[in-house]
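What the coordinates show
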Amino acid sequence: MFPETARSPRAVSLFLMTPVRGQAKARNEMRRSIPRMEYVIALHRLEKVYKPSVFRRPVQALRGLDLDVRAGETYGFLGLNGAGKTTTFKLLLGLLRPTGGEGWLFGRPLGDRRALARLGFLPELPAYYPYLSGGEVLRLARDLSGAKRDDARDKRLLDELGIGFAWSRPTRRLSKGQLQRVGLAQALVHEPELLILDEPMSGLDPLARGLVKDRLRAEREAGRTIVLSTHVLADVEALSDRIGLVSEGRLLRSGRTEELLSGSVREVRIEGSGAINEDVLAGMPNESLLVPGEPWRVLLQRPEPFQVDACLRRIIQQGGTVLGVESRREDLEAVFVRTMENAGQGEDDRCAS
Amino acid sequence: MRVVRAIAWNTAVEALRDKVLYLLLFFGLFLFGASRLLAPLALGEAKRITLDVGLSSISAFGCLIAIFVGHQLIFREVERKTLYFLFSRPIHRAQFVWGKFLGLYAILSLSVLLMGVMLALVLLAGGHGVDLSLAQALALILVEMGILSAIAILIASFTSPILAGLFTLAAYLIGHGSGDLTDLLARTSSPVGRGVVEGLRWILPRLDLYGELLPVLTGTGWTGPQLGLAFVYGSVYGAACLLLAGVILTRRELAL
């Protein structure tokens, strides 16, 4: 369940602990141990059921979500609409209370104010008081966070995000993309250790996206922990150290970005010259093909590593010369789509059975 | 304290930008018109009529502002989704409630002060004197508005804005008739009935303490103990409402 975090037997026992025997003692031990374990966020079998009213059916938004985010890492939190991402954020902020499971933010229970003081949050649709200017929003954010006022720094922050003019302009006169950047600035203004960003690229033009990405890279370099939820998967791939894929309130896959993408070779192209015939494709994946010519090309679709080895050996045996081998990996979008399709298939199977 | 001050400032700015003080312009025109129309009919009681109309209007206008701004203070934050901005920070919900109340109360105080100045000007223009009892009456109206604002925020913490507005209006009307409960208590003999009436006397706001105009009309003013009781009662009742609102809001899930 926690392959990367549960390194010691003690950690395993802490995370897989079930509330059966010595419950209070074990739970206290877990609470004490969480801050030392450098987790910024630790969610354990978190559940949330919305009960709109007595006349409407309850909706289960989270079904035992496990999630751990370590200090200093950038975590891409991905899922389809309605997967439970925003509910998770609301639980982290203490706006909602879980109906099952447990969660910690900086080693403290969810919603704890001391933990919230170390957090900056950008909601999916940032909304501010329309009569306040960008500068007044940042000043209010500082006051509410208990940070010292520093207008010069706040102005610089808006400048760096390309919206210096928003300092004195009421937020009701800002476009969606400009408001989004004011939102990022208010999340950063008190220099939090953790940034939770729900769709930070939403409504941004390409130039603004570049600025925001640069800013997020700088924050990562500065050691800040970032949890990023967005549907722009290329951005997640570029920015995240680790990625979690969530569907129907459960974490389907989680791991380092390069690990998630490494086992997913989409196509291998072998280019060469000299003698070659169709026999090289024997035992290769179905969609593979040989493109004759000089140089010729062999295209292997989603091959296993041993199939690539076998193909290369046959080419040499036939008297061909290999000029180059190029592998094309799946990008995050392809991994995401495949994972979600598999999850949907699994759900269908369960329903059928 | 800084958090409460920041929320209060923001609430006051919002009320000002919502042009709440425009109501005062209507008040001024109404007061001027009423004093011009009614004074000739009063046969030597022009000051009394002007004071009566003026103070009743200040109370009514102030309470309207308290009810119509107070009942949607919380709902607007939810509707506009600005609660994300507030509650993603280390803010206790009770701080939010007190900040909202103090912001609203600052605007109410400003309104009462301005309306009081207008009334004094109308009195002076009519050749009547102004004494301390007018200031006492305005202070009591302010306490009454504090109670109403706290009730509006309390009811808004657990119900919809429309219901909160209606219930607060009902509390205003019932509160001014709460003196009748004392008479009812004297006439009730059954222990159960007495218990119910006694309970209602404790729960419902005693706004009749603040509606008495005779001391100002006669120019005698209120005694120290009368004023003290009114201030202490208003402060305790208002604080209890706000504490309860803080507890309710802390326990409430804010699904946006």
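Read on for an overview of the structure. Here the residue numbers are simple positions, counted from 1 along each chain's written sequence. By the order in which they are written, chains take letters starting at A while ligands take numbers starting at 1. In keeping with the predicted nature of the model, local features appear solely for residues at pLDDT of at least 70, side-chain atom pairs appear and are counted solely at 80 or more, and the whole-chain, interface and lining totals rest on all residues.

The next point concerns the interface of chain B and chain A. Each residue is represented by a C-beta atom placed from its backbone, and any two residues with such atoms within 7 Å are regarded as in contact. Contacts between the two partners involve 22 residues from chain B and, on the opposite side, 23 residues from chain A. Numbering goes from the N terminus for both helices and strands, where a helix is a DSSP run of H or I of at least four residues and a strand is a run of E of at least two. Listed by contribution, the elements that provide at least two residues to the side of chain B that touches chain A are α1 (2-17) and α5 (83-87) of chain B. Residues are sorted three ways: Asp, Glu, Lys and Arg are charged, Ala, Val, Leu, Ile, Met, Phe, Trp, Tyr, Cys and Pro are nonpolar, and all the rest, Gly among them, are polar. Partitioning the side of chain B that touches chain A into residue classes produces eleven nonpolar, four polar and seven charged.

Moving on, we get to unusual backbone geometry. Residue and element names in this part refer to chain A. In this model, Glu-294 is joined to Pro-295 through a cis peptide bond whose omega is 5°. With phi around 50°, Glu-191 is a residue other than glycine that occupies positive phi space. In this fold, Glu-191 is placed in the loop between α7 (176-188) and β7 (194-198). Judged by the 13 C-beta atoms lying within 10 Å of it, Glu-191 falls in the partly exposed class. With C-beta atoms placed from the backbone, a residue is buried if 20 or more other C-beta atoms are within 10 Å of its own, exposed if 12 or fewer are, and partly exposed between those counts.

Ranked by size, the top nonpolar core spans 141 residues in total, and within it Ile-41 of chain A together with Ile-153 of chain B carry the most contacts. In terms of residues, this core owes the most to one element, helix α7 (residues 132-156) of chain B, which gives 17 residues. Aside from chain neighbours lying at most four places away, what touches Ile-153 of chain B is Gly-70, Leu-73, Val-97, Lys-100, Phe-101, Leu-242 and Ala-245 of chain B. When buried Ala, Val, Leu, Ile, Met, Phe, Trp, Tyr and Cys residues are joined through C-beta atoms within 7 Å, the set is termed a nonpolar core. Listed in part, the nine residues of the second largest apolar core include Ile-276, Met-284, Leu-300 and Cys-311 of chain A.

Residues and elements named next belong to chain A. For two strands to pair, DSSP has to find at least two bridges joining them. Overall, antiparallel pairing links the four strands, which are arranged β12-β13-β11-β14 in an open sheet. Unpaired on one side and paired on the other, β12 (289-291) and β14 (320-329) mark the two borders of the sheet. Averaged over all pairs of adjacent strands, the angle between strand axes in this sheet comes to 20°, irrespective of strand direction. Here strand β11 (residues 265-274) runs beside strand β13 (residues 296-301); their pairing, made up of six bridges, is antiparallel. Lines fitted to C-alpha atoms define the axes, with helix axes restricted to the stretch in contact, and inter-axis angles between N-to-C directions lie between 0 and 180 degrees.

It is worth spelling out the environment of Ile-155 of chain B at this point. Residue and element names in this part refer to chain B. Inspection of the secondary structure assignment puts Ile-155 in helix α7. The spatial distance from the C-alpha of Ile-155 to the C-alpha of Glu-212 is 26 Å, given a sequence separation of 57 residues. Beyond its immediate sequence surroundings of up to four residues, Ile-155 is in contact with Ala-164, Phe-167 and Thr-168.

Right, let's talk about the sheet that holds strand β8 (residues 225-229) of chain A for a bit. Backbone-to-backbone hydrogen bonds join strands into a sheet, with any given pair of strands oriented parallel or antiparallel. Residues and elements named next belong to chain A. Reading across from one edge, β6-β7-β8-β3-β9-β10 is the order of the six strands in this open sheet, with mixed pairing throughout. Taken across any chain shown, the strands that pair with only one partner, and hence form the sheet edges, are β6 (119-122) and β10 (250-256). Here the average twist between neighbouring strands, direction ignored, is 15°. Where strand β9 (residues 242-247) lies against β10, six bridges are found, and the strand directions are antiparallel. Bridged to Leu-245 within β10 is Arg-253. In the packing of helix α3 (residues 85-93) onto the sheet, the strands contacted are β3 (74-79), β6, β7, β8 and β9, and the crossing angle to β7 comes to about 145°. Against the sheet, α7 contacts β6 and β7, and its axis sits at roughly 170° relative to β6.

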